[in-house]
Amino acid sequence: MAAPGRRKLEELSLDEFLAAGSDSEHDGGWEDEEDEQEEGGRALNGTARQRRPSGKAAQGLQARPGSRKKGKASEHKDQLSRLKDRDPEFYKFLQENDRKLLDFDASDSSEEEEALHRPPDTLEEASDEDEDEDEEQEKVKRKKVSLIHVSLKMVEEWKKAAQRNLTPKLFHEITQAYKAAVATTKGDSGGDPSKFQVTDTAVFNALVSFCIRDLFHLLHKLLLPKAPKNKLKMVLPSTSPLWGKLRLDIKVYLGCTIQLLSCLTEASVGAAVLQHVNATVPYYLSFPKQCRALLKQTITLWSTGEETVRVLAFLVLNKICRHKKEVYLSPLLKQMYIAFVKNSRFTSPNVLPMINFMQRTLTEMLALDSAASYQHSFIYIRQLAIHLRSAMTLRKKENFQSVYNWQYIHCLYFWCRVLSTIHPSEVMEPLIYPLTQVIIGCIKLVPTSRFYPLRMHCIRALTLLSQSTRTFIPVLPFILEVFQQVDFNKKPGRMSSKPINFAVILKLSNANLQEKAFRDGLIDQLYDLLLEYLHGQAHSIGFPELVLPTVIQLKSFLKECKVANYCRPMRQLLEKLQENSAHICSRRQRVTFGVASTAAVEQWEKQLKEEGTPLSRYYTQWKKLREKEIQLEISGKERLEDLNFPEIKRRRPDERKEEDKKEFKDLFELDSDSEEENGGFSVKGKGTASDDSSEASSKEFGEEDDDEEGNYEVEEDEEEELEEDSEAEEEGREGAQRAQDAQGARGAQQRRSCPRGLSRSDLQQLAQGGEDLVQDLEFSDED
């Protein structure tokens, strides 16, 4: 801090001098010199504390440079030289104590000064117009390069020349033409533009066909003329001495092939390109970047393509992973699983085979390396458990939907298939228990009849896991529970022409639960599930005790159920279970080992399984018939939905009564005036009126128009009453017709009078004929 006025140096204290010196440095614009003068400043400050500098020295230190024409090093050198003239004592002191400060090397100062950038006085700003001009100039340069149009003649010449002798120069030209052809499908993917141009479709087809079919076969002969001794071992083309000359062109070709693969929509063409890619996998393995791009595109085709394309894409994936397992397998498994989940959101009879294909092929990829498969399996099974836990704790609709959907169910079945295929494996075996708990929790989440189809899918997954891993899983309680929850004797509320396909649904609607098709399909599903699960336990030494609850439940069902079509298959299954139990009991009575000898029990069960049991032999026959039925259902040969059966709907009682009043109000009405005058029963209206009413009633119930397809609206509880009304109506029409025939000669004035030959008692007896019919119907119903 300096005083407001200018004071002499002799009057300043040491602290004021140092503060004034720092202020002068800031005022003089020395910010740029602080780094270079750091050491010198420290030395000056240290000596200033020992002795007070003289006025000349202080003036020398406070000297401000007039300009910055000289470099920093040279300016510092000049300051030290001036210090020698103005304060020789202080300079001598520096020589004795700090020689390094005085021996400052300024040899590089000229170079530093020359290297300094001196900005111009005025700066020019770049504008968008300049950039546009540069782009236009580049376009003009590109246009100046003349493109060579590829013709069929050129393609034929290249083909003949390649068959005679394929050279690196010829391969380069063909590759550039191939690049130009592929660029027309999706645009140039970047890089150097090709000198060729393909505009004709015939030329494009000929060039691509030549490259895919013949070119790489000839290239392989050029790079590896000798066939390897071990044909199973893959030989990379990078070991060839000519690889260096052809490497860049091969890289361009492989990238163009991937681009072509992503543009194809025709399944046959895509299959041909994939076959070519499968043959060129060793070349892709030589280029990691192109190989990763190929894997990405192939996974897309594996999960979304046509059936043949899916199979060929899987062959490419499998071939790459088998030869470079440590590099590509782990990321490939993750991408394939994500693609599988993404494309299993919806399920239909047409989509289900594709989903099964993805499950089987991905299982085969996971079987390549158990250690890598365990990491992925653990992570994804844990994700399924987290979703289930959220649904069980929060109990909200969105959480239930995150579990009760096709993606979740397909994932459960997929991991059961994985553990079943890889078994026996010490690495994967610990995952059996948590996966089983997740599936059982999924069944118990919403245990209502609407989600019976989802329960069937989970039971099938548990059955597969139990049989393949030889692990006991209590599946029977979830099957037998259905017998207790559903009343199979209840009459169906509505009829449906379409059978319910439990394989492609997860949830039933309230209308489906009222249909007869629901109970029919449910009986078939229960029969199939019981037979499939018990078939896997048929050779077990504890089979009689295992099936005891099932036998009791089936006997109870047969005792209560009155529907013959439901009792027949369950009675047959009960007989087979009892027969198999008796067979197991008779065989195990002759054994000499005890229950504790596990090895002897396993050997006995293995021998019994090889010999066969009554239930296993029956299951084999049933399985063949069942597969034929499934094939017929898939092919659609026996679908009832094409027959267009009419659907019977139940009407409300109020609507029925009102319609009946409107329909039959003209029938059998008593005319008090005519009864008093004529003393008999009269029919209102002419014969044509009664005919019209009968026609209307017949049209109402669809009795006349047999050719037209309509909906039968019949009340099941009032069928007898309607039959009575219709028969009484027919009797009334017959009486009216007789009266009209007898009175036809008398004229129109006597039509309302009683007919000759029919007394009042005859008409009353005729009118009461319908009541006798009602009594007959009631007796038959009670019987």
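Residues numbered from 1 in each chain as written. Predicted model: local features only at pLDDT ≥ 70, side-chain atom pairs only at ≥ 80, totals over all residues. Heavy atoms only, no water.

**Comments concerning the packing of aromatic side chains**
Argument step 1. Here the structure, examined in full by the defined rule, presents 20 aromatic pairs.
Argument step 2. When the ring of Tyr 337 is compared with that of Phe 340, the centres are 6.3 Å apart and the planes differ by 45 degrees; the resulting orientation is tilted. Separated by three residues within a single helix, Tyr 337 and Phe 340 lie in helix H17 (residues 325-342), roughly one turn from each other. Comparing Tyr 337 with Phe 340 shows no difference in burial state: the two are buried.
Argument step 3. Taken together, the ring pairs in this structure connect Phe 171, Tyr 178, Phe 216, Tyr 253 and Tyr 283 into an aromatic cluster. (Phe/Tyr/Trp six-rings, centres within 6.5 Å; stacked < 30°, edge-to-face > 60°. Helix = DSSP H or I, 4+ residues; strand = E, 2+ residues; numbered from the N terminus. Buried < 20%, exposed > 50% of the residue type's maximum accessible area, 1.4 Å probe, protein only.)

**What to know about the packing of helix H21 (residues 406-422) against helix H22 (residues 432-445)**
Argument step 1. For the pair H21 and H22, the least separation of the axes is 11 Å and the interaxial angle reads 150 degrees. With respect to their mutual orientation, H21 and H22 come out roughly antiparallel. The two elements H21 and H22 cross, and the hand of that crossing is left-handed. Of H22, the residues touching H21 (which contributes Tyr 408, Ile 409, Leu 412, Trp 415, Cys 416 and Leu 419) are Ile 432, Leu 435, Val 438, Ile 439 and Cys 442.
Argument step 2. The residue makeup of the contact of H21 with H22, split by class, is 11 nonpolar, no polar and no charged. (Axes fitted to C-alpha atoms, helices over the stretch in contact; angles between N-to-C directions. Parallel < 35°, antiparallel > 145°, perpendicular 65-115°, else oblique. Left-handed = near helix turned anticlockwise from the far one by under 90°. Contact = heavy atoms within 4.5 Å. Nonpolar A, V, L, I, M, F, W, Y, C, P; charged D, E, K, R; others polar.)

**Focus: the environment of Val 182**
Argument step 1. Within the element layout of this structure, Val 182 appears in helix H10 (residues 168-186).
Argument step 2. Filtering out sequence-adjacent residues up to four positions away, Val 182 remains in contact with Phe 204, Cys 256, Gln 259 and Leu 260.

**A word on the nonpolar core**
Argument step 1. Ranked by size, the top nonpolar core spans 163 residues in total, and within it Ile 250, Trp 302, Trp 415 and Phe 488 carry the most contacts.
Argument step 2. Those residues in contact with Trp 302, other than ones at most four positions away along the chain, are Arg 310, Ala 313, Phe 314, Leu 317, Met 336, Ala 339, Phe 340, Phe 357, Met 358, Thr 361 and Leu 362. (Core = buried A, V, L, I, M, F, W, Y, C linked by side-chain atoms within 4.5 Å.)

**Some details on a positive patch on the surface**
Argument step 1. Where like charges cluster on the molecular surface, the positive patch consists of Arg 247, Lys 251, Lys 289 and Arg 292.
Argument step 2. Breaking the positive patch down by element, the ones donating at least two residues are helix H12 (243-263) and helix H15 (288-304).
Argument step 3. With respect to the helices and strands, the residue Lys 289 is situated in helix H15.
Argument step 4. On the basis of relative accessible area, Lys 289 is assigned to the exposed category, the value being 61%. (Patch = residues over 30% accessible without salt bridge, like charges linked within 9 Å, V, L, I, M, F, W, Y side chains within 5 Å. Areas by Shrake-Rupley, 256 points an atom, 1.4 Å probe, with all protein chains shown as cover. Salt bridge = Lys/Arg side-chain N within 4 Å of Asp/Glu carboxyl O. Lys, Arg positive; Asp, Glu negative; His and termini not counted. Charge placed at Lys NZ, Arg CZ, Asp CG, Glu CD.)

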